[in-house]
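Read off the chains here:
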Amino acid sequence: MLQGWGMTLWATLLVVAASTLLGIAFAAARESARPALVRASGVYLSVFRNTPLLVQLLFWYFGIPALLPEAWVHWLNGVHALALGGVVLVRWPSFEFLAALVGLVAYSTAYVGEDIRSGLRGVPASQRTAALALGLTPTQALRHVVLPQALRMMLPSFINQWVTLVKDSSLAYIVGVPELSFLATQVNARVMVHPAEVFLCVGAVYWLLCSALDGVARRLARASA
């Protein structure tokens, strides 16, 4: 169970970092002056927000390998490691983990990108104009004037999205990732205990994680007020 808890945390951290970075690029594409980028990002948004996450995870796990050359699939499922002096530094993750990670990142990027876009749009255009009039470059105006105000508005949505990610990571069990929910079912199958005890414990762990994130959000909101 502790191993599953660690996997849940690790997967969530990776998804949060990747989807935030990609969300910035996605928001920039949505606000771009290039029609092709706007249309492409609109299609992306429609596809990933209007289809169930479970279906997307199954597509990445079962559908993508069917489209790739057999040699690529064999390599992805192989064991790879970066070692130095006989000490393994980095291990290649399992294909199950990669499929779940890509699926969660692709899904979350659509939501995070829209949160970033909404936050930037929430800052009055006069703020940017005033910053430019004072001699700031567009980059400086964005960094020192627009972003600090936008972050205050984006923060509640960000924390809500991170809490959702913690809970959505439980769906990775469907493709065999040994996260908390997956290992809970293994414990329930192998150990002679009541299922209520196992899954109450799992629910308590998710509650603690999400409550901790909610507490962080409240403190950050008070600090930025």
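Residues numbered from 1 in each chain as written. Predicted model: local features only at pLDDT ≥ 70, side-chain atom pairs only at ≥ 80, totals over all residues. Heavy atoms only, no water.

Engineer: Hey, could you go over the overall build of the chain for me, with residue numbers and the actual values?
Structural biologist: From N to C terminus, the chain includes nine helices and two strands. Counting helices and strands in the order they occur from the N terminus, the chain gives α-α-α-α-β-β-α-α-α-α-α. On the principal axes, the C-alpha backbone points of the chain span a range of 70 × 45 × 45 Å. The buried share among the 225 residues of the chain stands at 33%. When the accessible surface of the chain is summed, it comes to about 13600 Å², and 68% of that surface belongs to carbon and sulfur atoms. Of the charged side chains in the chain, 15 are positive and 9 negative, and the gap between their average positions amounts to 13 Å. (Helix = DSSP H or I, 4+ residues; strand = E, 2+ residues; numbered from the N terminus. Buried < 20%, exposed > 50% of the residue type's maximum accessible area, 1.4 Å probe, protein only. Areas by Shrake-Rupley, 256 points an atom, 1.4 Å probe, with all protein chains shown as cover. Lys, Arg positive; Asp, Glu negative; His and termini not counted. Charge placed at Lys NZ, Arg CZ, Asp CG, Glu CD.)

Engineer: Describe in detail a nonpolar patch on the surface, supporting the description with residues and values.
Structural biologist: On the surface, a nonpolar cluster with roughly 300 Å² of combined accessible area is contributed by Leu2, Trp5 and Leu9. Along the chain, leucine 9 turns up in helix α1 (residues 2–30). (Patch = residues over 30% accessible without salt bridge, like charges linked within 9 Å, V, L, I, M, F, W, Y side chains within 5 Å. Salt bridge = Lys/Arg side-chain N within 4 Å of Asp/Glu carboxyl O.)

Engineer: Outline the packing of aromatic side chains, listing residues and values.
Structural biologist: In this structure the tally under the stated criterion is seven aromatic pairs. Relative to tyrosine 44, the ring of phenylalanine 26 has its centre 5.5 Å away and its plane inclined at 50 degrees; by these criteria the two rings are tilted. On the criterion of sequence distance, the pair formed by phenylalanine 26 in helix α1 and tyrosine 44 in helix α2 (residues 35–49) is long-range, its members being 18 residues apart. (Phe/Tyr/Trp six-rings, centres within 6.5 Å; stacked < 30°, edge-to-face > 60°.)

Engineer: Pulling in residues and values, what's your account of the environment of proline 178?
Structural biologist: Relative to the assigned elements, proline 178 resides in the loop between α7 (138–168) and α8 (180–190). Here proline 178 is in contact with Gly4, Met7 and Leu183, once residues within four sequence places are set aside. (Contact = heavy atoms within 4.5 Å.)

Engineer: Residues and numbers for the pattern of salt bridges, please.
Structural biologist: Enumeration over the complete set of coordinates arrives at two salt bridges. A salt bridge links arginine 30 to glutamate 114, with the nearest nitrogen and oxygen atoms 3.3 Å apart. Taken as a pair, arginine 30 in helix α1 and glutamate 114 in helix α5 (residues 95–122) lie far apart in primary sequence, 84 residues in all. Each member of the pair, arginine 30 as well as glutamate 114, is classed as buried. Linked by salt bridges that have partners in common, Arg30, Glu114 and Arg117 make up one network.

Engineer: Tell me what's going on with the nonpolar core, and back it up with residues and numbers.
Structural biologist: Core analysis: the biggest nonpolar cluster contains 20 residues, and Val15 and Val177 have the highest contact counts within it. The set of elements that each furnish at least two residues to this core consists of α1, α3 (53–67) and α5. For this core, the element with the highest residue contribution is α5, accounting for nine residues. Counting 12 residues, the second-largest nonpolar core is a separate cluster that includes Leu180, Val198, Val202 and Ala217. (Core = buried A, V, L, I, M, F, W, Y, C linked by side-chain atoms within 4.5 Å.)

Engineer: Give a description of the environment of valine 15 that names residues and reports values.
Structural biologist: Tracing the sequence through the fold places valine 15 in helix α1. Every residue in contact with valine 15, bar those within four places of it in the chain, is listed here: Leu101, Leu104, Val105, Ser108 and Leu165.

Engineer: Lay out α7 in plain terms, naming residues and giving numbers.
Structural biologist: If you check α7, its first and last C-alpha atoms are just 37 Å apart, much less than what 31 residues at 1.5 Å a residue would give, namely 45 Å. Along α7, the largest kink reaches about 45 degrees and is centred on valine 146; proline proline 148 follows within four residues of it. (Expected span 1.5 Å × (residues − 1). Bend = angle between axes of the 7 residues up to and from the residue.)

Engineer: So what's going on with α2? Which residues, and what values?
Structural biologist: Its 15 residues place the ends of α2 21 Å apart at the C-alpha level, agreeing with the 21 Å of an ideal helix rising 1.5 Å per residue. Residues Ser41, Leu45 and Phe48 constitute the buried set of α2. Seen from one end, α2 has its buried residues packed into an arc of 85 degrees, which puts them on one side. Across from the buried face of α2, at angles greater than 90 degrees, the exposed residues are Pro35, Arg39 and Val43. Buried residues along α2 sit against α1, α3 and α5. (Arc of directions from axis to C-beta.)

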